[in-house]
Amino acid sequence: MRDRKAGFPTAANNLVKIMRWMLAFAVARQWRMDNPATGISPLKIPSGGFPVWNEADIAKFEAHWPVGSRERLAFDLLLYTAQGSGDVRQMGRQHVQGRAILVQQEKTEACLEIPIHPRLKASLDTVPAGQMLFLVTQSQVGFTAGGFGNWFRGACRAAGTPDRSAHGLRKSATTRLADAGCTEAQINAVTGHQTSKEVERYTKARDQRLLAEAAFAMIGGTQREQTLANPAGKLANRINN
């Protein structure tokens, strides 16, 4: 049963867990003598996670959903606060203090004060004055976790970015901070990550790219490559001279 669902490893592993619990109950009731689900190793799950939005994806979504739409408001809240969808869904006017948004993350309980980016302010300014919660459904109530995920995925499909997600925008925000030269401590102050290890991969990717660019700059770019690729011509010129 597990192997038949190998194409969906998370679902396959969850199936084994449920079967293990059910069969343990059966053993306790003496309906069976053993639990055949015990000892079955979980399938490995790819560690890539949610894909990061690149700048082309971001531009495509922004071009499709203009400032003033709920979709753009959700997008801007996710990208310019670098918070998860669970925290963004709870944000409202009561969390705005001066030029910042106050956030208490639901997972870590970390308390953050995040400056409001000008692009986010442009979206927030379109929220009706009497509306306390920034993101509401057409019924004017807050989104559930599942409802928000389905709705935002629909917005991504409509914008021509079907493989992107709300969580991927948090990664993109972290990538932008790293690319801007922010330290791990500065990035943690925005994202609320508890350890530097969680942010390390973003700064490592930035450092690798900068080092690679510096390496190629040292060999003089394409002109240098052409010279190195044609040593015979260089030798002939010396002889003729």
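Bear in mind the structure is a predicted one, so any value in this text is a computation, not a measurement.

Definitions and limits used
- Residues numbered from 1 in each chain as written.
- Predicted model: local features only at pLDDT ≥ 70, side-chain atom pairs only at ≥ 80, totals over all residues.
- Heavy atoms only, no water.
- Phe/Tyr/Trp six-rings, centres within 6.5 Å; stacked < 30°, edge-to-face > 60°.
- Buried < 20%, exposed > 50% of the residue type's maximum accessible area, 1.4 Å probe, protein only.
- Axes fitted to C-alpha atoms, helices over the stretch in contact; angles between N-to-C directions.
- Helix = DSSP H or I, 4+ residues; strand = E, 2+ residues; numbered from the N terminus.
- Parallel < 35°, antiparallel > 145°, perpendicular 65-115°, else oblique.
- Left-handed = near helix turned anticlockwise from the far one by under 90°.
- Contact = heavy atoms within 4.5 Å.
- Pairing = 2+ DSSP bridges.
- Core = buried A, V, L, I, M, F, W, Y, C linked by side-chain atoms within 4.5 Å.
- Polar contact = N/O pair within 3.5 Å; in protein donor to acceptor, adjacent residues only side chain to side chain.

**Q** Got a minute to help me understand the packing of aromatic side chains in this structure?
**A** In this description, an aromatic ring pair is defined by two values, namely the gap between the centres and the angle between the planes. Following the criterion strictly, the structure yields 11 aromatic pairs and no others. With centroids separated by 5.7 Å and ring planes inclined at 75°, the aromatic side chains of W53 and F61 adopt a geometry described as edge-to-face. Among the residues examined, W53 registers a relative accessible area of 3% and is labelled buried. Overall, the relative accessible area of 0% leaves F61 in the buried class. Taken together, the ring pairs connect W53, F61, F75, F143, F148, W151 and F152 into an aromatic cluster.

**Q** Would you mind going over the packing of helix 8 (residues 184–191) against helix 9 (residues 197–218) with me for this structure?
**A** A pair of packed helices is characterised by two quantities: the angle between their axes and the separation of those axes. For the pair helix 8 and helix 9, interaxial distance at closest approach is 10 Å and the crossing angle is 125°. The angle between the axes of helix 8 and helix 9 places the two elements in the oblique class. Every pair of crossing elements has a handedness; the one defined by helix 8 and helix 9 is right-handed. Across the interface between the two elements, E184, I187 and N188 from helix 8 touch V199, E200 and T203 from helix 9.

**Q** Got a minute to help me understand the sheet that holds strand 1 (residues 96–97) in this structure?
**A** Picture the strands of a sheet paired through backbone hydrogen bonds; they go either parallel or antiparallel. Pairing within the open sheet is antiparallel, and its 3 strands lie in the order 1-2-3. Across the chains shown, the open sheet's two edge strands, defined by having one partner strand only, are strand 1 and strand 3 (111–115). Pairing geometry for strand 1 and strand 2 (residues 100–104), over 2 bridges, is antiparallel. Note on strand 2: the bridge partner recorded for Q97 is A100.

**Q** Looking at this structure, how should I read the pairing of strand 2?
**A** As consecutive antiparallel partners, strand 1 and strand 2 are separated by 2 residues, and within that stretch G98 has a phi angle of approximately 65°, a positive value. With 5 bridges connecting them, strand 2 and strand 3 associate as antiparallel partners. Its bridge partner lying in strand 3, V103 is registered against L112. Linking two consecutive strands that pair antiparallel, namely strand 2 and strand 3, is a turn of 6 residues; a positive phi of about 65° is found at E109 within it.

**Q** Help me out: how do you make sense of the nonpolar core in this one?
**A** Side chains of nonpolar character tend, in soluble globular proteins, to be buried together. With 33 residues, the main nonpolar core has W53, F61, F75, L77, L135, F148 and F152 as its most contacted residues. Secondary-structure elements contributing two or more residues to this core are helix 2 (55–64), helix 3 (70–81), strand 2, strand 3, helix 5 (118–124), helix 6 (145–158) and helix 7 (166–179). The element best represented in this core is helix 3, accounting for 7 residues. Contact partners of F75, with chain neighbours within four places excluded, come to W53, I58, F61, E62, F152 and L169. Listed in part, the 6 residues of the second largest apolar core include C182, I187, V199 and Y202.

**Q** So what exactly am I meant to see when it comes to unusual backbone geometry here?
**A** For residues other than glycine, phi is negative in most cases, and the peptide bonds are mostly trans. Residue Q30 is not a glycine yet carries a positive backbone phi of 60°. By relative accessible area, Q30 is classed as exposed at 72%. Residues other than glycine seldom take positive phi values, yet Q140 does so here, at roughly 65°. Examined against the element boundaries, Q140 turns out to sit in the loop between helix 5 and helix 6. Assessed through its relative accessible area of 53%, Q140 is described here as exposed.

**Q** Could you clarify how one ought to interpret the side chain of R164 in this entry?
**A** For R164, the position within the fold is in the loop between helix 6 and helix 7. The class of R164 is buried, set by a relative accessible area of 17%. Of the polar contacts made by the side chain of R164, one reaches the side chain of D57; its length is 2.8 Å. Discounting chain neighbours no more than four positions away, the residues touching R164 are P51, V52, W53, N54, D57 and C156.

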